[in-house]
Amino acid sequence: MAPKTKTILITGGAGFIGSAFAKSLNISTNKIVIIDKLTYAGSLQRLEHLKKTVTFYKQDICRYKSLEKIFLKEKPDIVYHFAAETHVDRSNLDIKPFTQSNVAGTQNVIQASIKSNIKKFIHISTDEVYGSIAKGSVNERAALKPSNPYAITKALADQLVMLAININQFPAIIVRPVNTFGPWQYPEKFIPLAIIQLLDSKKVPLYGKGHQIRCWLSIEDCIEAIHLISKKGTLGEVYNIGSSYHQDNLSTAKTILKKLGKTQREILYVKDRLNHDFRYSVNYQKLKKLGWKQKHSFTKTLDDTIAWVTNQRPWCTKKRKELQNYWKDIYKSKN
Ligand SMILES: NC(=O)c1ccc[n+]([C@@H]2O[C@H](COP(=O)([O-])OP(=O)(O)OC[C@H]3O[C@@H](n4cnc5c(N)ncnc54)[C@H](O)[C@@H]3O)[C@@H](O)[C@H]2O)c1
């Protein structure tokens, strides 16, 4: 067997994007270490094919001592920090797990990385840190104006990474992807949720009139961008990961309804989210300059996601049913 040249540590590697990233790595030349608390959103099923090849630690990043032990034992060369609480609706109900994992947890991951002398740290942030953008697109120099609790904790995490860059010469890069979707996304997020609701003959909940605009990025394009930024990006910099697929949520819902042979009667209009950001839009020229091109269309990724939800229907239905408990607090039906 060829010797492993690099140790790559992934936090949140049992989540949607982290697991896709782990699967994209070359296992013959890299040792892959995954740390994940396995919250409701984490699942080892996503890593089924990798289970014999990765070193997995069920570990909460909020527990510093045991986290540091893993870092000192594994001596990672590169850390990709995906672990976070990620659902805006849940953050509106209770911000505490978000401040713990996204802020204090990130600080712990930074500290353990400094302690173990890592060579590179890729911090996965989000376009939501810029807040709602009335018109045009924002580049990486724009002020952070997060408005929902999730985005606020992600912006605080970015500031902590920046602080470490400035004070400790921490070798970090921050990436800010737009709404990413595809197979294995937890079915509380809009697209897989809409699909499983419709397959299970339930309605698709849509906030307000569904006019909020979002940019959609395929999981494959997101992963390719993270690889490229990690390889060619400059330490200490921020890179937006954008998409040319902008549309309002009503249009996205209509496309899904059409693909599944349903009509608009299957939309359940619910009371709008508090402080619901109207529009996100990032300028990603900096990423394009590194040579990134968006390759996967919205339609193809949607087809792949529908196929995946259909194949994994028992899992998705189970998760959908688990959500019912807190839905009554979130979705106040208007019809
Ligand atoms: N999905 C998107 O559209 C999107 C867009 C932009 C940025 N992001 C960012 O990308 C990252 C990954 O997002 P995702 O969609 O894969 O999220 P996800 O919710 O699917 O996965 C998050 C993972 O982190 C783990 N985790 C949470 N708290 C933890 C803790 N305290 N200790 C250890 N593990 C913990 C969970 O168990 C889960 O496996 C997040 O940082 C998110 O903010 C996501």
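Residues numbered from 1 in each chain as written. Predicted model: local features only at pLDDT ≥ 70, side-chain atom pairs only at ≥ 80, totals over all residues.

J.: Please clarify how the nonpolar core should be interpreted in this entry.
T.: Nonpolar side chains in soluble globular proteins tend to be buried together. One finds I10, V175, A194 and I241 to be the most contacted residues of the largest nonpolar core, which totals 86 residues. Residues in contact with A194, not counting those within four places in the same chain, are V204, A253 and I256. (Core = buried A, V, L, I, M, F, W, Y, C linked by C-beta atoms within 7 Å. Buried ≥ 20, exposed ≤ 12 C-beta atoms within 10 Å, placed from the backbone. Contact = placed C-beta atoms within 7 Å.)

J.: How should I be thinking about the sheet that holds strand β4 (residues 78-81) in this particular structure?
T.: Within a sheet, adjacent strands bond to each other through the backbone by hydrogen bonds, running parallel or antiparallel. Read from one edge of the open sheet, seven strands run β3-β2-β1-β4-β5-β6-β10, paired in parallel fashion. One side of each edge strand has no neighbouring strand; the edge strands of this open sheet are β3 (54-58) and β10 (238-241). Across the sheet, the mean angle from the axis of one strand to that of its neighbour is 15°, orientation sign disregarded. Where helix α5 (residues 149-168) meets the sheet, it contacts β5 (120-124) and β6 (172-177), and its direction lies at approximately 155° from that of β6. (Pairing = 2+ DSSP bridges. Helix = DSSP H or I, 4+ residues; strand = E, 2+ residues; numbered from the N terminus. Axes fitted to C-alpha atoms, helices over the stretch in contact; angles between N-to-C directions.)

J.: Could you clarify how one ought to interpret the site of the ligand in this entry?
T.: Within the structure, the ligand sits among 29 residues, and G12, G15, K37, G42 and A84 are positioned closest to it. For the shell around the ligand, the secondary-structure elements that each account for two or more residues are α1 (16-23), α4 (96-115) and β7 (179-181). A per-element tally of the shell around the ligand places α1 first, with three residues. Per-class residue counts for the shell around the ligand are 13 nonpolar, eleven polar and five charged. (Near = placed C-beta within 6 Å. Nonpolar A, V, L, I, M, F, W, Y, C, P; charged D, E, K, R; others polar.)

J.: Can you help me understand the environment of A225 in this one?
T.: As for its placement among the helices and strands, A225 is situated in helix α7 (residues 219-232). Note: C-alpha distance between A225 and G242 (17 residues apart in sequence) is 9.6 Å. Once residues lying within four places of it in the same chain are set aside, the contact partners of A225 are I241, L287 and W292.

J.: It is not clear to me how the environment of K321 should be interpreted in this structure. Could you clarify?
T.: Summarising the element assignment, K321 is placed in helix α11 (residues 313-330). Between the C-alpha atom of K321 and that of Q197, which follows or precedes it by 124 residues, the distance is 10.0 Å.

J.: Help me understand the domain arrangement of the chain, please; the structure alone is not making it clear to me.
T.: Many analyses report the size of an interface as the accessible area lost when the parts associate. With domains assigned, the chain is organised as domain 1 (6-180 + 218-241) and domain 2 (182-214 + 245-279 + 297-330). The straight-line distance from the C-alpha centre of domain 1 to that of domain 2 is 25 Å. Those elements that place two or more of their residues in the side of domain 1 that touches domain 2 are α1, α3 (88-93) and α7. A breakdown of the residues in the side of domain 1 that touches domain 2 according to their chemical character gives six nonpolar, ten polar and four charged. (Domains from an automatic or database assignment.)

J.: Would you mind going over the sheet that holds β7 with me for this structure?
T.: Strand order in the open sheet made by the three strands is β7-β9-β11, with mixed pairing throughout. Edge positions in the open sheet fall to β7 and β11 (245-248), since each of these has one partner strand only. Here the strands of the sheet are splayed against their neighbours by 40° on average, with no regard to which way each runs. In this structure, β7 lies alongside strand β9 (residues 213-218), joined through three bridges in parallel fashion. Residue F181 lies in a different strand from β9, and its bridge partner there is S218. Each of β7 and β9 is contacted by α7, which is oriented at about 75° to β9, the strand it contacts most. Sitting on the sheet, helix α8 (residues 249-259) is in contact with β9 and β11, with an inclination near 95° to β11.

J.: Would you explain α4 in this entry?
T.: Along an α-helix, residues three or four apart share an orientation, since each turn contains 3.6 residues. The end-to-end C-alpha separation of α4 is 27 Å, in line with the 28 Å expected for 20 residues at 1.5 Å each. Taken as a whole, α4 carries its principal kink of about 30° at G105. F98, S101, N102, V103, G105, T106, N108, V109, I110, A112 and S113 are the residues of α4 that are buried. As for α4, its buried residues are in contact with β1 (6-11), α2 (64-74), β4, α3, β5 and α5. The first or second residue beyond α4 is N117, which carries a positive phi of 60°. (Expected span 1.5 Å × (residues − 1). Bend = angle between axes of the 7 residues up to and from the residue.)

J.: How do you make sense of unusual backbone geometry when you look at a structure like this?
T.: Keep in mind that most residues, glycine aside, have a negative phi and that most peptide bonds are trans. We note that Q169 has phi near 50°; this positive angle belongs to a residue other than glycine. Summarising the element assignment, Q169 is placed in the loop between α5 and β6. Here Q169 falls in the exposed class, since 11 other C-beta atoms lie within 10 Å of it. Phi at W184 is positive, roughly 75°, even though this residue is not glycine. With respect to the helices, strands and loops of the structure, W184 is situated in the loop between β7 and α6 (190-199).

J.: I would appreciate a short explanation of the pairing of strand β8 (residues 204-207) in the present structure.
T.: The two faces of the sheet receive side chains in turn, since in a regular strand these alternate between them. The side-chain alternation of β8 yields one buried face, formed by V204 and L206, and one unburied face, formed by P205 and Y207. Pairing geometry for β8 and strand β12 (residues 267-270), over four bridges, is parallel. Of the residues in β12, the one forming a bridge with Y207 is V270.

J.: So what exactly am I meant to see when it comes to α8 here?
T.: Within α8, the full set of buried residues consists of T252, A253 and I256. Projected down its long axis, α8 shows its buried positions confined to an angular sector of 100°, all on one face. The secondary structure elements touched by the buried residues of α8 are α6, β8, β11 and β12. Positive backbone phi, at 70°, marks G261, one or two positions downstream of α8. (Arc of directions from axis to C-beta.)

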